[in-house]
Structures are given as structure tokens and as C-alpha cells.
Amino acid sequence: MKDTNTEHKSARREPRTVLAQLGELLVAHRALVLVAVCLAVFLLLLSEVLRGEAVRIDTWAHWLIVDHLRADWLTPIMEAFSALATPVVVIVMLLLIAAVASRRRLMWCCAVNVGLVTLVNGLAKLLVQRPRPEGIALVVEHGFSFPSGHSMAACAFFGLLAWYVWRYESDRRRRALLTVVFCALPVLVGISRIYLGVHYASDVLGGFCASLIWLALYTKVAVPLFLDAPSQNGGVTSQT
């Protein structure tokens, strides 16, 4: 009788054990999971764009952001968020990083990152050649639409800064605050591009997915060429 009860208890515990092991496996390979999810979403969006079909998320975003969110007082704010991913502003921020950061190589790491991701975006746009939205733009933009260059550059630039702060900043409060800020900025840039009527929501989402895939590769392959591994206490070692 005891053996039977033990078997029943073991059978009840087994699914929990499997789920726990699966959770540990996903956490251990979270970067690979992120790449797989982003790749699946990007390919789904790309297939719908290439077929010329209306993407449902574009309809929802247009209704919410363009039809109901636009206001005279909000437009300059959205233009300011959009400007965060322009070349001039990015160069200024790179110079600020060079002046503030303890290591000059961080600036070069960020510069190479945003430069390469811009080239990838330009190539993707030439291959897809999706026209921009018509009749709703509040600013003048040229070129193709998918994936969004501003969204992709902002996600790559601020995403790398968020990754760097999370790994190298020793102060927990500062690390949490800066990580939240750097993660929020690309989202605001993406929303601003939809608000200004120069991109579809699928352009923005596709740009984010492509950029996250890029960051997963860049932080594994290129970043070690610029930066040392973080110290055990989460701080940085001196390097010029």
C-alpha cells in the first residue's frame, strides 16, 4: 500500500519536475529563445508584407494612434522622440558616451553597432521595397518602409546601452533605472514613427525583431572585441 501511495505521489510530482526543468532550460538559453521568437515574428510579418496583404496590427495601430491619439500639443513631442534615432542625435550621444564613460572603447562599440545595423536595415528595405503609408504623414520621409530604420537603429543603440548597464553597472538602483529608460526609448521612437504617419506598425515591430536578433549576435561576437568581461561585483574594469 505504501509503495502504491509513493508511486502516486511521484507521478504527481513528475509534471512539476518536467516544467521546472523546462523553465531552467529556457532561462539558460534565453538569448536563443529570444532570437527564435523574434525570427518567427519577423518572418510572419515579412510574408504578409510581401504578399501585399493588410496586416491586422497596422489597422489596430492606425485606429489607436493616428485616429485617436493625434493632437497638436503631442506632435512636437513625437517629433522629438523620432529625432532620437537620427544620425545627428546619435553622433551627439556617441560623443557624450565618449566623454562620460570610463572606457573609450564603449563609444566605438556603440558606433560600430549602430553603423552596421543601419547597413542591414538599408539592405532589407531594398529587398522588400514596401511603400510608405500614403496621405497621413506629418513629416516628409523618403525611401522604403519595411523594416523601420528609426526603430531598428534606436533598438540597436539603446538596447546595447541597456545590455551594457545591466552587465557592468554595480549600483542596483542605477542599473534598474537606466535599463528601464534605455528599454523605453526605442518603444517611444517606434510609436512616434506610427504617430507621424511615416511607418506602419508592422514596420516598427519588424524593425524591433530584426534589431533584437542583431543585438543577440553582436553582443556575442563583436562586443568581446571591444569590452572586457564584467568584474564579479558587476563593475567595470579600466580600459581605454
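Here, the structure is the one placed above.
What counts, and where the lines are drawn
- Counting restarts for each chain: residues are numbered from 1 in the order of the written sequence.
- Restriction of local features to residues with pLDDT of at least 70 applies here, the model being predicted, together with a cutoff of 80 or more for giving and counting side-chain atom pairs; totals for whole chains, interfaces and linings are based on all residues.
- Side-chain numbers here rest on the full set of heavy atoms in the structure, without hydrogens or water.
- For our purposes a nonpolar core is just a set of buried Ala, Val, Leu, Ile, Met, Phe, Trp, Tyr and Cys residues, chained together by side-chain atoms within 4.5 Å.
- Relative accessible area decides the class of each residue, using a 1.4 Å probe on protein chains only: under 20% of the type maximum gives buried, over 50% gives exposed, and in between gives partly exposed.
- Counting from the N terminus, the helices are the DSSP runs of H or I reaching at least four residues and the strands are the DSSP runs of E reaching at least two.
- It only takes one pair of heavy atoms within 4.5 Å for two residues to be counted as in contact.
- Lines fitted to C-alpha atoms define the axes, with helix axes restricted to the stretch in contact, and inter-axis angles between N-to-C directions lie between 0 and 180 degrees.
- Geometric relationships in this document are graded by angle, where less than 35 degrees denotes roughly parallel, more than 145 denotes roughly antiparallel, 65 to 115 denotes roughly perpendicular, and other angles denote oblique.
- By convention, the crossing between two helices is left-handed when the near helix turns anticlockwise from the far helix through less than a right angle, and right-handed when the turn is clockwise.
- In this classification, the charged set is Asp, Glu, Lys and Arg, the nonpolar set is Ala, Val, Leu, Ile, Met, Phe, Trp, Tyr, Cys and Pro, and all remaining amino acids, among them Gly, are polar.

1. What to know about the nonpolar core
Counting residues in hydrophobic clusters, the biggest one holds 46 residues, and the most contacted among them are C110, F157, F158 and Y218. Of all the secondary structure elements, the ones that give two or more residues to this core are helix 2 (30-50), helix 5 (87-100), helix 6 (104-128), helix 7 (149-168), helix 8 (172-195), helix 9 (201-221) and helix 10 (223-226). Of the residues forming this core, the biggest block, twelve residues, is contributed by helix 7. Not counting residues within four places of it along the chain, the set of residues in contact with F158 comprises L84, M93, F182, L185 and P186. Core analysis: the next-biggest nonpolar cluster, separate from the first, contains twelve residues, M78, C155, Y195 and V198 among them.

2. Concerning the environment of W214
Within the secondary structure, W214 is located in helix 9. Note on W214: relative accessible area 19%, which makes it buried. Residues within four places of W214 in sequence aside, it is in contact with N113, L116, V117, V120 and A156.

3. Some points on the packing of helix 4 (residues 75-83) against helix 8
Taken N-terminus to C-terminus, the directions of helix 4 and helix 8 make an angle of 125 degrees; their axes are 8 Å apart at the nearest point. Taken together, the axes of helix 4 and helix 8 lie oblique to each other. In this structure, helix 4 crosses over helix 8, and the sense of that crossing is left-handed. Residue-level contacts link T75, M78, F81 and S82 of helix 4 to L188, V189, I191, S192, R193 and Y195 of helix 8. Among the residues forming the contact of helix 4 with helix 8, the class breakdown is six nonpolar, three polar and one charged.

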